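# Architecture and fold: a report
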Amino acid sequence: MSIREFIDRDAREPMDNAQFDDALWLALCERVSDPESLGALPHEVGVYYATRLVEWDVGNGGFAQATMNYPEWFDLAAAGFEELGKPAVASLIREAKALVSLEAENMAKAREGGLEGVFDYFKENAFDSLNERIEEVDFWSDDTRVAYVRQHRDAFRID
């Protein structure tokens, strides 16, 4: 089923948000691998993809993990959260990105230590203060993001 068909089906018979989000995410993961691969897709698809990628990676391992895994997505994610009406989340992501350059040496040392070094770094690092602020900025945005997609269905009607 194409993304267009999936979007059209949801328009006729709406799925629950979690099911919708998971299906759309999996379909887009087959098409998007880096920020450059968004070039052929509508802007709204980038908003969805970048915000979900960064949010879920932060949810999995905090800002330290997300900045190690996806620093190239942070600008797009911050702009996307602005568009979702979440400027405080965008600000937090920009703070995390700014810390990357300050933490570059510590992150490199952690990587040199292999998986154990990385996990040790995740236990305590400069990003912890940002992780502590996640709840106060209403970080979790799945329902907001799904509503955004449904408001911009035409942009997601891609084959």
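## Observations regarding the overall build of the protein chain
- The helix and strand tally for the protein chain stands at eight helices and zero strands.
- Order of helices (α) and strands (β) in the protein chain, N terminus to C terminus: α-α-α-α-α-α-α-α.
- Oriented by its inertia axes, the alpha-carbon framework of the protein chain measures out at about 50 × 30 × 25 Å.
- The buried share among the 159 residues of the protein chain stands at 45%.
- Taking the intrachain contacts of the protein chain between residues at least 6 apart in sequence as the baseline, contacts between residues at least 24 apart amount to 70%.
- Accessible surface, the protein chain: about 8,200 Å² in total, of which carbon and sulfur atoms supply 49%.
- Across the protein chain, 16 positive and 33 negative side-chain charges occur, with their mean positions spaced 5 Å apart.

## Description of the pattern of salt bridges
- Taken as a whole and assessed by the stated rule, the structure comprises 15 salt bridges.
- The closest approach of N and O atoms between Asp75 and Lys97, which form a salt bridge, is 2.9 Å. Here Lys97 lies in helix α5 (residues 87-112) and Asp75 lies in helix α4 (residues 74-83), a separation of 22 residues in the sequence.
- Judged by relative accessible area, Asp75 falls into the partly exposed class, the value being 48%.
- Judged by its relative accessible area of 34%, Lys97 falls in the partly exposed class.
- The salt bridge partner of Asp138 is Lys86, with a shortest N-O separation of 3.3 Å. Highlighted residues: Asp138 in the loop between α7 (128-131) and α8 (142-151) and Lys86 in the loop between α4 and α5, separated in sequence by 52 residues.
- One salt-bridge network, held together by shared partners, links Asp8, Asp154 and Arg157.

## Considering the nonpolar core
- Grouped together as the largest cluster of nonpolar side chains are 51 residues, with contacts concentrated most on Leu24, Phe63, Ile93, Phe127 and Phe139.
- Mapped onto this core, the elements with two or more residues apiece are α1 (3-12), α2 (17-29), α3 (43-69), α4, α5, α6 (114-123) and α8.
- Residue contributions to this core peak at 12 residues, all from α3.
- Apart from residues no more than four positions distant in its own chain, Phe63 is found in contact with Val58, Phe74, Leu92, Ile93, Ala96, Phe127, Leu130, Asn131, Ile134 and Phe139.

## Quick look at α1
- Among the residues making up α1, those that are buried are Ile3, Phe6, Ile7 and Asp10. The buried residues of α1 all sit within an arc of 95° when viewed along its axis, so they share a single face.
- Close packing links the buried residues of α1 with α2 and α8.

## Points about the packing of α3 against α5
- Following both chains from N to C, one finds α3 and α5 inclined at 55°, their axes separated by 7 Å at the closest point. In terms of their interaxial angle, α3 and α5 are classed as oblique. Contact residues: α3 offers Val54, Phe63, Ala64, Thr67 and Met68, while α5 offers Leu92, Ile93, Ala96, Val100, Met107, Ala110 and Arg111.
- Classifying every residue of the contact of α3 with α5 by side-chain character gives 10 nonpolar, one polar and one charged.

The rules behind the values
- Residues numbered from 1 in each chain as written.
- Predicted model: local features only at pLDDT ≥ 70, side-chain atom pairs only at ≥ 80, totals over all residues.
- Heavy atoms only, no water.
- Helix = DSSP H or I, 4+ residues; strand = E, 2+ residues; numbered from the N terminus.
- Buried < 20%, exposed > 50% of the residue type's maximum accessible area, 1.4 Å probe, protein only.
- Contact = heavy atoms within 4.5 Å.
- Areas by Shrake-Rupley, 256 points an atom, 1.4 Å probe, with all protein chains shown as cover.
- Lys, Arg positive; Asp, Glu negative; His and termini not counted.
- Charge placed at Lys NZ, Arg CZ, Asp CG, Glu CD.
- Salt bridge = Lys/Arg side-chain N within 4 Å of Asp/Glu carboxyl O.
- Core = buried A, V, L, I, M, F, W, Y, C linked by side-chain atoms within 4.5 Å.
- Arc of directions from axis to C-beta.
- Axes fitted to C-alpha atoms, helices over the stretch in contact; angles between N-to-C directions.
- Parallel < 35°, antiparallel > 145°, perpendicular 65-115°, else oblique.
- Nonpolar A, V, L, I, M, F, W, Y, C, P; charged D, E, K, R; others polar.

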